[in-house]
Amino acid sequence: MLTKEIQIAVEKGEMLPLMEEFYTIQGEGYHTGTAAYFIRIGGCDVGCHWCDVKESWNAALHPPTKTDIIVGNAKKYAKTIVVTGGEPLTWDMTVLTQKLKAENLQVHIETSGAYPVTGNWDWFCLSPKKNKLPVADAYAIAHELKVIIYNKHDFIFAEEQAAKVNKNAILFLQPEWSKKEEMTPLIVDYVMNNPKWRVSLQTHKYLNIP
Ligand code: SF4
């Protein structure tokens with residue numbers, strides 16, 4: 001049971017339910033192959049059946065942690081910080097991103113965009129989910145649109161999402177890991193026929209790193 005004081009600090013974004021943090025290589029999307037410090041915030045109710053971090057869903061399992069502590073750890077390791085989840089925009093990201101930027105760090109987010117956009121982001125990776133579509137602001141500010149392909153219908157969903165995102169967003173199709181043998185060849189063909197898209201792979205999983 002959280003004390004009232006901690007609950008208020010979490011509501012203000014001064015504390016966040018930290019699931020894990022680690023220095024690794026960004027495996028997916030536009031910044032693939034580059035070193036980054038990942039901050040994984042617990043809490044997500046989007047409910048993707050193929051989610052590979054279901055242990056993040058219940059925020060109560062992850063200790064509310066002061067943003068000063070999170071930032072203090074992050075700045076020791078990297079110049080680029082990726083905030084992920086769970087769904088980080090479940091929470092108010094204003095304080096965390098202010099503090100990261102005050103340390104001259106590049107601040108990226110990986111989000112479904114399902115909740116109001118808070119925080120100040122140098123790179124906004126929008127990965128929409130059918131269960132809870134993104135809010136308008138997320139489409140407007142996305143630098144990157146990354147659609148996960150689990151089945152053939154997801155190509156139709158990807159085009160619907162591309163029609164909604166701002167015109168400068170870079171478009172990626174990424175096979176869902178458990179379906180990669182089946183879907184990767186389809187994605188390759190699709191991208192050759194529709195070259196506005198690029199292929200994204202979960203290269204960190206091939207490299208056996210977090
Ligand atoms: S939005 Fe992300 S964390 Fe949430 S259920 Fe879907 S894949 Fe998992």
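Residues numbered from 1 in each chain as written. Predicted model: local features only at pLDDT ≥ 70, side-chain atom pairs only at ≥ 80, totals over all residues. Heavy atoms only, no water.

**Q** Explain the environment of Glu 110 to me, please; I cannot follow it from the model alone.
**A** Within the secondary structure layout, Glu 110 lies in strand 5 (residues 106-111). Assessed through its relative accessible area of 16%, Glu 110 is described here as buried. Separated by 80 residues in the primary sequence, Glu 110 and Tyr 190 place their C-alpha atoms 24 Å from one another. What Glu 110 contacts, discounting residues up to four positions off in sequence, is Gln 26, Glu 28, Val 82, Val 83, Thr 84, Pro 88, Cys 125 and Lys 146. At 2.8 Å, the side chain of Glu 110 forms a polar contact with the side chain of Lys 146. (Helix = DSSP H or I, 4+ residues; strand = E, 2+ residues; numbered from the N terminus. Buried < 20%, exposed > 50% of the residue type's maximum accessible area, 1.4 Å probe, protein only. Contact = heavy atoms within 4.5 Å. Polar contact = N/O pair within 3.5 Å; in protein donor to acceptor, adjacent residues only side chain to side chain.)

**Q** Help me understand the site of the ligand in this model?
**A** Around the ligand sit Cys 44, Val 46, Gly 47, Cys 48, Trp 50, Cys 51, Trp 57 and Gly 86, and that is every residue in its neighbourhood. Of the residues contributing to the shell around the ligand, the split by class is six nonpolar, two polar and no charged. (Near = heavy atom within 4 Å. Nonpolar A, V, L, I, M, F, W, Y, C, P; charged D, E, K, R; others polar.)

**Q** How do you make sense of the packing of helix 2 (residues 67-74) against helix 3 (residues 94-102) when you look at a structure like this?
**A** Helix-helix packing is characterised by the crossing angle of the two axes and by the distance between the axes. Close contact between helix 2 and helix 3 brings their axes to 10 Å; oriented N to C, the two are set at 35°. The handedness of the crossing between helix 2 and helix 3 is right-handed. Mapping the contact onto sequence places Thr 67, Asp 68, Ile 70, Val 71 and Ala 74 in helix 2 and Val 95, Leu 96, Lys 99 and Leu 100 in helix 3. In terms of residue class, the contact of helix 2 with helix 3 is made up of six nonpolar, one polar and two charged. (Axes fitted to C-alpha atoms, helices over the stretch in contact; angles between N-to-C directions. Left-handed = near helix turned anticlockwise from the far one by under 90°.)

**Q** Where do I start with the UniProt feature "binding site: substrate" (unreviewed entry) in the chain in this structure?
**A** Cross-referencing UniProt, the feature "binding site: substrate" (unreviewed entry) maps to Ile 25, Gln 26, Gly 27, Arg 40, Thr 84 and Pro 210 in the present numbering. Along the chain, Gln 26 falls in the loop between strand 1 (15-25) and strand 2 (35-41). Leaving out residues up to four positions away in the same chain, Gln 26 has contacts with His 31, Thr 32, Gly 33, Thr 34, Phe 38, Val 82 and Glu 110. Reaching out from Gln 26, the side chain makes a polar contact with the backbone nitrogen of Glu 28 at a distance of 3.1 Å. Checked against the element boundaries, Pro 210 lands in the segment after helix 7 (203-207). Judged by its relative accessible area of 55%, Pro 210 is exposed. (UniProt positions renumbered as here; feature names shortened; annotations may be inferred.)

**Q** Explain the UniProt feature "binding site: S-adenosyl-L-methionine" (unreviewed entry) in the chain to me, please; I cannot follow it from the model alone.
**A** Listed under "binding site: S-adenosyl-L-methionine" (unreviewed entry) in the UniProt record, and renumbered for this structure, are Trp 50, Cys 51, Asp 52, Gly 86, Ser 127, Pro 128 and Lys 129. Along the polypeptide, Asp 52 turns up in the loop between strand 2 and strand 3 (64-66). A relative accessible area of 44% means that Asp 52 is categorised as partly exposed. Excluding residues that lie within four positions of it along the chain, Asp 52 makes contacts with Gln 202 and Lys 205. Note that Ser 127 resides in the loop between strand 6 (123-126) and helix 4 (136-141). The residues touching Ser 127, leaving out its near neighbours within four places in the chain, are Thr 111, Ser 112, Lys 146 and Ile 148.

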